[in-house]
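# Architecture and fold: a report
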Amino acid sequence: MPHELKTGVVMDPIDGIKTYKDSTFAMLLEAQRRGHVLYYMEPGDLFVRDGRLFASMQQLQVRDNDHDWFSLKALGHKPVDELDIVLMRQDPPFDMDYIYVTYMLELAEKRGTLVINRAQSLRDANEKFFISNFPHCCVPMVVSSQSSEIRSFVRQQGRCVVKPLDGMGGESIFRVSDDDLNLNVILETITRHDTRAVMAQRYIDEISEGDKRILIVDGEPVPYALARYAGQGDFRGNLAKGGSSKGVPLSERDRWICSQVAPELKSRGILFAGLDVIGDWLTEVNVTSPTCIRELDAEFGLNIAGDLFDAAEAQLGSE
């Protein structure tokens, strides 16, 4: 590259991460290994003045351990567009504050900064709703704010999963059936009395075989997925909910699903995404802050963040 690259990260507080499984941390370690100068920002550090994005920045150094993993040096207010790359790694909820941050980052994009993932695509590719673009890859589903519509769908399909459109990590996901005495109160609660759209999907029995996270980097799937298994007394295969995991090779069906989704991701400037697949079916497309890099790297000797920065640096070099 023609100059020393400057890579910033917008993330939730770094002092609260678990380094052994944090994908943002893997990206930062790789950028530092390549000689990038790192800059740290939390969402609240961003501000716009006269149409230009600034941030209260801190220079960041990272170390690969679980007790003393970062150092910060305050730099004051700096223009974000002076950075070459910004990793947008703020976790959901995908609320208006999140959307405002994407508006801000778009100003830096217009001045030449590469934002991963592209700000507009973070808004457009809602992690639950986006699978509606690929119905041939999915089980039957419905998105509605009307409890009656969802109740009718549950009656047709039998067991279903109902979840909000703006959450992460298994939050507020319910498994329901038509004879569930709690169905009405669950639907009242999750739709906030028919005022909030939610998604209902036919329940996939193969969840017992794991909820696979497939990472896609610049349109290419990582050849192994992380299969996540529900913890005791739960049906959700989320590591955040106490589940366990192991790496598995992609199946032929997994690769077919990736072939259907990846071109759309690439066309939208989504360099890093995580597909969730249960059995033969796509259930989510995660674009905000997909995880599982560190687990797959450790199990299979991969460098997924390296692939990501290869793609990012190539994109910068072509501009």
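What counts, and at which threshold
- Residues numbered from 1 in each chain as written.
- Predicted model: local features only at pLDDT ≥ 70, side-chain atom pairs only at ≥ 80, totals over all residues.
- Heavy atoms only, no water.
- Helix = DSSP H or I, 4+ residues; strand = E, 2+ residues; numbered from the N terminus.
- Buried < 20%, exposed > 50% of the residue type's maximum accessible area, 1.4 Å probe, protein only.
- Pairing = 2+ DSSP bridges.
- Axes fitted to C-alpha atoms, helices over the stretch in contact; angles between N-to-C directions.
- Contact = heavy atoms within 4.5 Å.
- Expected span 1.5 Å × (residues − 1).
- Arc of directions from axis to C-beta.
- Patch = residues over 30% accessible without salt bridge, like charges linked within 9 Å, V, L, I, M, F, W, Y side chains within 5 Å.
- Areas by Shrake-Rupley, 256 points an atom, 1.4 Å probe, with all protein chains shown as cover.
- Salt bridge = Lys/Arg side-chain N within 4 Å of Asp/Glu carboxyl O.
- Phe/Tyr/Trp six-rings, centres within 6.5 Å; stacked < 30°, edge-to-face > 60°.
- Lys NZ or Arg CZ within 6 Å of the ring centre and 35° of its normal.

### Re the environment of Val176
Relative to the helices and strands, Val176 resides in strand S10 (residues 174-176). The class of Val176 is buried, set by a relative accessible area of 1%. Sequence-wise, Val176 and Cys160 are 16 residues apart; in three dimensions their C-alpha atoms are separated by 5.4 Å.

### Here's the deal with the sheet that holds strand S11 (residues 198-202)
Hydrogen bonds between backbone atoms are what pair the strands of a sheet, whose relative direction is either parallel or antiparallel. With respect to topology, four strands assemble into an open sheet ordered S8-S11-S9-S10, the strand pairing being antiparallel. On the outer flanks of this sheet lie strand S8 (141-144) and S10, each paired with one strand and no other. Averaged over all neighbouring strand pairs, the angle between strand axes comes to 25°, with direction disregarded. As defined by bridge partners, S8 adjoins S11 across four bridges and the pair is classed as antiparallel. Opposite Val142, over in S11, you have Ala200 as the bridge partner. Strand contacts of helix H4 (residues 147-157): S8, strand S9 (160-164), S10 and S11, with the helix running at about 10° to S11, the strand carrying the most contacts.

### Regarding helix H2 (residues 96-110)
An ideal rise of 1.5 Å per residue puts 21 Å on 15 residues; H2 measures up with 21 Å between its terminal C-alpha atoms. For H2, the secondary structure elements touched by its buried residues are strand S1 (6-11), strand S3 (46-49), strand S4 (52-62), strand S6 (85-89), strand S7 (114-116) and helix H3 (119-124). One or two steps after H2, the chain reaches Gly112, where phi turns positive at roughly 110°.

### Re H4
Listing the buried residues of H4 in full gives Ser147, Ile150, Phe153 and Val154. Angularly, the buried residues of H4 cover 125° about the axis, an arc narrow enough to put them on a single face. For H4, the elements touching its buried residues are S8, S9, S10, helix H5 (183-190) and S11. Gly158 sits one or two positions beyond H4 and adopts a positive phi of about 85°.

### Things to note about a nonpolar patch on the surface
On the surface, Met96, Tyr100 and Tyr103 cluster together to form a nonpolar patch covering roughly 320 Å² of accessible area. If you trace the backbone, Tyr103 turns up in helix H2.

### With respect to the packing of aromatic side chains
According to the stated counting rule, one finds six aromatic pairs in the structure shown. Arranged with centres 5.0 Å apart and planes meeting at 40°, the rings of Phe94 and Tyr98 form a pair that is tilted. In this structure Tyr98 comes out as buried when scored by relative accessible area, which is 0%. Between Tyr100 and Tyr103, the aromatic rings sit 6.3 Å apart at their centres with planes inclined by 45°, giving tilted as the arrangement. In this pair, Tyr100 and Tyr103 are both assigned in helix H2, three residues apart and thus about one turn of the helix distant. For Tyr103, a relative accessible area of 44% corresponds to the partly exposed category. Its guanidinium or amino end placed over the ring of Trp281, Arg253 lies 5.0 Å from that ring's centre, counting from NZ or CZ.

### A short note on the environment of Asp45
Tracing the chain through its elements places Asp45 in the loop between strand S2 (37-41) and S3. The exposure class assigned to Asp45 is partly exposed, which follows from its relative accessible area of 21%. When the C-alpha atoms of Asp45 and Ala55 are compared, they prove to be 5.2 Å apart, with ten residues separating the residues in sequence. Each residue touching Asp45, except ones within four places of it in the same chain, is listed here: Phe54, Ala55 and Ser56.

### Things to note about unusual backbone geometry
With an omega dihedral of 25°, the bond running from Pro92 to Pro93 counts as a cis peptide bond. As for its position among the elements, Pro93 is in the loop between S6 and H2. Residue Ile116 is joined to Asn117 through a cis peptide bond whose omega torsion reads 0°. Locating Asn117 in the fold gives a position in the loop between S7 and H3. For Asp50, which is not a glycine, the phi torsion comes out positive at approximately 55°. Its location among the elements puts Asp50 in the loop between S3 and S4. Look at Asp50 and you get exposed, because its relative accessible area is 81%.

### Side note on the pattern of salt bridges
Tallied over the entire structure, the rule returns 19 salt bridges. A salt bridge links Asp254 to Lys212; its shortest N-O distance comes to 3.0 Å. Of this pair, Asp254 sits in helix H6 (residues 252-267) while Lys212 sits in strand S12 (residues 211-217), placing them 42 residues apart in sequence. Both residues of the pair, Asp254 and Lys212, belong to the buried class. Several salt bridges converge on common partners, so that one network encompasses Glu30, Arg33, Arg34, Asp310 and Glu313.

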